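Here are the chains, one letter per residue:
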Amino acid sequence: MDKNSINSQMLAELIGGGIQNLGLHRDEVNDLNVFPIPDGDTGNNMLMTIQGSETAVPYEDEGIGDYARRAANGMLFSARGNSGVILSQIADGIAAGLEGVDTADVEDTARAFRCGVEHAYSAVADPVEGTILTVVREAVDYASSLNCKDVGEYLAAFLMQAQESLNHTPDLLEVLKKAGVVDSGGAGLIYIVEGVLSVLNGEKVESRDVHPGHTSVPAPGAELNFDLFNEDSDLVFGYCTELLLRLQRKKTDIENFDLAAFREFLQSIGDSVVCLRTGSVVKLHVHTKEPYRVLQYGQQFGEYLTVKIENMSLQHNNLPADSKLVQQEEYKPFGIVAVATGEGIKKNFREMGTDQIVEGGQSMNPPADDFIEAFRRINAGTIFVLPNNGNVILAAEQAAKLYEDADIRVIPSRTIGDGYAVLSMLDLDSGDADVIEKDMKDAMQGVVTGSVTRCIRDTEMDGFRLREGQYLGIVGKTIVSADNDRRDTACMLTSRMDFTDHQICIIIRGKDSTEEEAEEIAGQLRKEHKDCEIYVLNGGQELYSYYVILE
């Protein structure tokens, strides 16, 4: 492969090498999680993020800049988890640096990578050194300081410095040093670059199925039961029509293209409309019974890069009963999106005022696209988002930037307890989005959330000698109890939580715990804290035997 000049076809092959190599090592990246709890999903998050680039296939004579933009857009929508979002922002910056470039030489590559660093840092409100940010910045600084003769030499220098920087991440983050691991996001980045460089050097990256993930909706190409839409069926839901349209200069004035008029047309023939533009690419989504009209209308302005039209009645009938497609609601001024898992928790959130639930949480971080779908279904002027997990906030914020049809406000809820507190105090009557947002943030102040889960590896942390399979009691990011008995661990956890100034305690039991056991724990707390109201809920969540929330 030519190392002096990289075109769009070559870039697609290089990205493919990165995907394959990260896929081969994703379990190693997953295992680098700091805490010995079921949260090792960085490898999966980064892999599913970069796989978003696969929606873009370079066409003949396409410039590398145009292709890089389409690939980066796919990653932006697929980004999940903090490391995945930062990875997508690196790609977004690289695409910005390659704008207008047909084939990239080493100077183009260096400039694009510097843009990647700038975009990644700007995406994080409070950048933390000792993470993937440090690794990519130091690697780019070093490689760009050299007089590299070609792209291969640049990437080799990048990789060498990236590995050195990764080895030093524990010196910058005490939590990494205590856990005896390096930064997982930085490790994932290195595996991607290793794969890219291998392909560039003509080496073969081992191939295997590298598509992790979960979804309740049948994946494209998945087997559907077509008998569920037969000769006598009615087209109730219409067609889910998703398109990527490349605007063409010979058909329209790209700089002055009227996106609002296009959106208005889509709204006239259907609902659940999403109409976003990045550069010369327009992403369209509409539910309509006349998809041919969308195709005809769009071709006035350009040509389609991808087309997906699916019978929503068939999709609906193939889904489990508790996952049926939700039609877009009537317009309203305010809406709520919350991230949750566990049937009991989701049911309670809905009863407390949540309009749309995004499935996810610990070890199951949703992508930006899931949030955008939820925003679209709500159809509200202002939408408040409760991520309820520290590793989901960035993806929610990225979705907010990508969505233009509503004022999206991400409330930085880091735990299920934060989410419960916000919803329990929810009051939209003021009609003022700023007041509502402030009240939501105020509601989280003073909330304490504890949890009981299993230890996934032998280690020493927070004064405990932990063994795989033990139960752990955690408050915030601190382990406060550990025992082989689930009930005893939960009781030790609650004994080490400060009930002072808290009037409400909510115990949410998970799938692996029993009602009898939960009531025993609650009964003990009622004796110890007579001024506190104690509630027990069946959350049905995986991984966590109990959540204990103090409000």
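Residues numbered from 1 in each chain as written. Predicted model: local features only at pLDDT ≥ 70, side-chain atom pairs only at ≥ 80, totals over all residues. Heavy atoms only, no water.

Novice: An account of the sheet that holds strand β6 (residues 356-359) is needed here, citing residue identities and associated values.
Specialist: Ordered by their spatial adjacency, 4 strands build an open sheet running β6-β5-β7-β8, and the pairing between neighbours is parallel. With one partner strand each, in any of the chains shown, β6 and β8 (407-410) form the two edges of the open sheet. Between one strand axis and the next, the sheet turns by 20 degrees as a mean value, whatever way the strands run. Sheet topology places strand β7 (residues 380-386) next to β8; 4 bridges connect them, and they run parallel. Paired with Phe384 across the bridge in β8 is Arg409. Lying over the sheet, helix α14 (residues 368-378) contacts β5 (332-340), β6, β7 and β8, oriented at roughly 150 degrees with respect to β5. (Pairing = 2+ DSSP bridges. Helix = DSSP H or I, 4+ residues; strand = E, 2+ residues; numbered from the N terminus. Axes fitted to C-alpha atoms, helices over the stretch in contact; angles between N-to-C directions. Contact = heavy atoms within 4.5 Å.)

Novice: Give a detailed account of the sheet that holds strand β9 (residues 448-454), specifying residues and quantitative values.
Specialist: Spatial ordering of the open sheet is given by β13-β12-β9-β16-β14-β15, a layout of 6 strands whose pairing is mixed. Each having just a single partner strand, β13 (478-483) and β15 (533-538) make up the two edges of the open sheet. Strand-to-strand twist of the sheet, defined as the mean angle between neighbouring strand axes without regard to direction, takes the value 15 degrees. Looking at chain direction, β9 and strand β12 (residues 471-475) are connected through 5 bridges and run antiparallel. Bridge pairing links Thr453 to Leu472 in β12. Sheet contacts for helix α16 (residues 416-424): β9, β14 (504-509), β15 and β16 (544-550); angle to β16, the most-contacted strand, approximately 45 degrees.

Novice: Hey, could you go over empty space enclosed by the protein for me, with residue numbers and the actual values?
Specialist: One pass over the full model with this rule turns up 2 cavities of 30 Å³ or more. Considered as a void within the structure, the largest cavity measures approximately 580 Å³ in volume. Every residue lining the largest cavity is counted, 28 residues in all, and those nearest its centre are Leu11, Ile15, Ile94, Phe113 and Val196. For the lining of the largest cavity, the residue count by class is 27 nonpolar, 1 polar and no charged. Considered as a void within the structure, the second largest cavity measures approximately 50 Å³ in volume. Taken together, Val85, Gln89, Ala123, Leu394, Glu397, Gln398 and Lys401 make up the full set of residues lining the second largest cavity. When residues of the lining of the second largest cavity are traced back to their parent elements, those giving at least two are α4 (81-97) and α15 (393-402). With 4 residues, α15 is the largest single contributor of residues to the lining of the second largest cavity. For the lining of the second largest cavity, the class distribution of residues is 3 nonpolar, 2 polar and 2 charged. (1 Å grid on protein atoms, 1.4 Å probe; cavity = no way out; pocket = protein on both sides within 12 Å on 5 of 7 lines; lining within 4 Å. Points joined across faces, edges and corners; volume = space filled by probe spheres on them. Nonpolar A, V, L, I, M, F, W, Y, C, P; charged D, E, K, R; others polar.)

Novice: Go over the packing of helix α6 (residues 132-145) against helix α7 (residues 151-172) with me, naming the residues and quoting the values.
Specialist: The geometry of α6 relative to α7 is characterised by a closest axis approach of 7 Å and an angle of 140 degrees between their N-to-C directions. It follows from the interaxial angle that α6 and α7 lie oblique. Relative to α7, the crossing made by α6 is right-handed. Contact residues: α6 offers Thr134, Val135, Val136, Glu138, Ala139, Val140, Tyr142, Ala143 and Ser144, while α7 offers Tyr154, Ala157, Phe158, Met160, Gln161, Ala162, Ser165, Leu166, Thr169 and Leu172. Here the residues of the contact of α6 with α7 are counted per class, giving 13 nonpolar, 5 polar and 1 charged. (Parallel < 35°, antiparallel > 145°, perpendicular 65-115°, else oblique. Left-handed = near helix turned anticlockwise from the far one by under 90°.)

Novice: Can you explain the pattern of salt bridges? Please cite residues and give values.
Specialist: Considering all chains together, one arrives at 30 salt bridges under this definition. Residues Lys251 and Glu303 are paired through a salt bridge, measuring 2.7 Å at the closest nitrogen-oxygen approach. Of this pair, Lys251 sits in the loop between β1 (239-247) and α10 (259-269) while Glu303 sits in strand β4 (residues 302-311), and the two are 52 residues apart along the sequence. Residue class for Glu303 comes out partly exposed when judged on its relative accessible area of 31%. (Salt bridge = Lys/Arg side-chain N within 4 Å of Asp/Glu carboxyl O. Buried < 20%, exposed > 50% of the residue type's maximum accessible area, 1.4 Å probe, protein only.)

Novice: Please provide a residue-by-residue account of the layout of surface pockets, values included.
Specialist: Volume-wise, the second largest pocket comes out at about 470 Å³. Along the walls of the second largest pocket sit 19 residues, with Asp66, Arg246, Arg249, Gly279 and Ser280 positioned nearest its centre. The set of elements that each furnish at least two residues to the lining of the second largest pocket consists of α3 (64-78), α4, β1 and β2 (271-278). The leading source of residues in the lining of the second largest pocket is α3, at 3 residues. Of the residues in the lining of the second largest pocket, the class split is 6 nonpolar, 6 polar and 7 charged.

Novice: Give me the lowdown on the packing of helix α5 (residues 106-122) against α7, citing residues and values where you can.
Specialist: Relative to each other, α5 and α7 sit at 35 degrees, their axes nearing to 8 Å. The hand of the α5/α7 crossing is right-handed. Where α5 approaches α7, its residues Val106, Thr109, Ala110 and Phe113 are matched on the opposing element by Val151, Tyr154, Leu155 and Phe158. Here the contact of α5 with α7 is built from residues that sort into 7 nonpolar, 1 polar and no charged.

Novice: So, the pairing of β12: which residues are in play, and what are the values?
Specialist: Among the 5 residues that make up β12, 4 are buried, leaving the element largely enclosed by the rest of the structure. Pairing geometry for β12 and β13, over 5 bridges, is antiparallel. Bridging from a neighbouring strand, Leu472 pairs with Ala482 of β13. Count of turn residues in the β12/β13 antiparallel hairpin: 2 residues, of which Gly476 carries a positive phi of about 65 degrees.

Novice: Explain the environment of Tyr535 residue by residue, including any values.
Specialist: Examined against the element boundaries, Tyr535 turns out to sit in strand β15. Overall, Tyr535 belongs to the partly exposed group, its relative accessible area being 40%. For the pair Tyr535 and Ile383, spaced 152 residues apart in sequence, the C-alpha separation works out to 29 Å. The residues touching Tyr535, leaving out its near neighbours within four places in the chain, are Ile504, Cys505, Ile506 and Ile507. Within the local environment of Tyr535, its side chain forms a polar contact with the side chain of Glu533, the two groups lying 2.4 Å apart. (Polar contact = N/O pair within 3.5 Å; in protein donor to acceptor, adjacent residues only side chain to side chain.)

Function-wise, these values are silent; they only describe arrangement.
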